[in-house]
Amino acid sequence: MNETMDLALVAMFKKSYAVEFYPHPGYAISESQGSSVSPYGDAYVLSVGYVIVLLMTVPLGYFNLDDNIIVQNGAFIFMIIIFLEWFVNFFIVGLESKRTPAVGASFDQVFGNVIFNYAFVITVPSWVNEKRASVPINASLWTATSIATLFYLSVGLFGAWAFDYGPNQDLLDAININSHGVAHDIARVFVYLFPIVALLSSIPVFSIIIRYNLVENNICRKPWANFWAVVFPWILSVVFYAGAGLLSLINWASLLVNGTVNFAIPLLLYILSTRVTHHPVIEANIQVDEEDTSEEPDSADFRILPSWLPIPEITCGVGLLSLFIFFLLGIIGINIAVAAGANF
């Protein structure tokens, strides 16, 4: 997102400024978008775009999740508008299905990106604690995931049909290059707006959840929790500003961590929670307030599958097998990436 902001500044004002730390300490000026991920190439810098994004994002990390809902609603509306503009652009350019072969030529970043795009499971417990009692868990998660999947498939498929892609080009690059006239100006605005809207609404959520976990587990007090959850990641991100360092980090983290943390471990915890036996002594000591039990919880809220699908018998062996499969897929993904010459 920082790089996108710098590219937007270059597009609007023909230049952007930064303080360069390495390899040539001092002030740096970028007057072109360059061929790298960053307009400053592989230099380690603290740019104007970085500072702008920091000032926009950090204050949101100090909110609670329920206070952040206004940002989420606004981001969702903007995302719908951006996607509609993209679809219009796709049809204006023209669609050719032959641009998408059944089997592609490079898979070094596919698996990691897919896992990263669905790595929201760790946020669910915090959301459950903040949501209103009347909001159904099962319906909310399945609806949101289905809508996201629909957009992933439709944007990816129509975007692939509309453009030819060069080396290291993504959809945003293709839209920016292949649009012309007034459509190009409009497309450029949405190209720069998309990462800002997408990440501005997601980064604070993870900061808030990290802060919650640090405080609730008595690891540190709230001021230090705010520092480690909100401020420190931005300090660390300066290292990954240059080149494709952040993309490499995302791929490695997705392959080695996200799959296990977001998919395998929650499945194992669910299996263990369903196998907990009732202890008569513990139950005898639990005093239940009649007012708290006036409304029975909806059992469908705690189902893995939608209510119209049966839940199969899941054993701990299946859970361990799933954990092993994710590790195996991670190793395979790394081997493919190394074989393809990915820059790690």
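Residues numbered from 1 in each chain as written. Predicted model: local features only at pLDDT ≥ 70, side-chain atom pairs only at ≥ 80, totals over all residues. Heavy atoms only, no water.

Take the overall build of the protein chain next. For the protein chain, the count of helices and strands is 13 helices and three strands. The buried share of the protein chain, reckoned over its 344 residues, is 32%. Looking at the protein chain alone, contacts between residues at least 24 apart form 73% of all its contacts between residues at least 6 apart. Here the protein chain displays about 21,200 Å² of accessible surface, and carbon together with sulfur accounts for 67% of that area. (Helix = DSSP H or I, 4+ residues; strand = E, 2+ residues; numbered from the N terminus. Buried < 20%, exposed > 50% of the residue type's maximum accessible area, 1.4 Å probe, protein only. Contact = heavy atoms within 4.5 Å. Areas by Shrake-Rupley, 256 points an atom, 1.4 Å probe, with all protein chains shown as cover.)

Attention now moves to the pairing of strand S1 (residues 16–22). On any regular strand, side chains alternate: one points to one face of the sheet, the next to the other face. Examined bridge by bridge, S1 and strand S2 (residues 26–30) share five bridges and lie antiparallel to one another. By the bridge assignment, Ser 16 is partnered in S2 with Ser 30. Pairing of S1 with strand S3 (residues 44–47), which is carried by four bridges, proceeds in the antiparallel orientation. Directly across from Glu 20, in S3, lies its bridge partner Val 45. (Pairing = 2+ DSSP bridges.)

Moving on, we come to the packing of helix H3 (residues 69–93) against helix H7 (residues 171–178). Direction vectors running N to C along H3 and H7 enclose 55°, while the axes themselves pass 12 Å from each other. Taken together, the axes of H3 and H7 lie oblique to each other. The chirality of how H3 crosses H7 is left-handed. Of H7, the residues touching H3 (which contributes Trp 86, Asn 89, Phe 90 and Val 93) are Leu 171, Leu 172, Ile 175 and Asn 178. In terms of residue class, the contact of H3 with H7 is made up of six nonpolar, two polar and no charged. (Axes fitted to C-alpha atoms, helices over the stretch in contact; angles between N-to-C directions. Parallel < 35°, antiparallel > 145°, perpendicular 65-115°, else oblique. Left-handed = near helix turned anticlockwise from the far one by under 90°. Nonpolar A, V, L, I, M, F, W, Y, C, P; charged D, E, K, R; others polar.)

This part covers helix H2 (residues 48–61). Under the 1.5 Å per step criterion, the end-to-end length of H2 is 20 Å for 14 residues, consistent within 8% with the ideal 20 Å. The largest bend along H2 measures about 25° and falls at Leu 55, with the proline Pro 59 one to four residues further on. Listing the buried residues of H2 in full gives Gly 49, Tyr 50, Val 53, Thr 57, Val 58, Leu 60 and Gly 61. (Expected span 1.5 Å × (residues − 1). Bend = angle between axes of the 7 residues up to and from the residue.)

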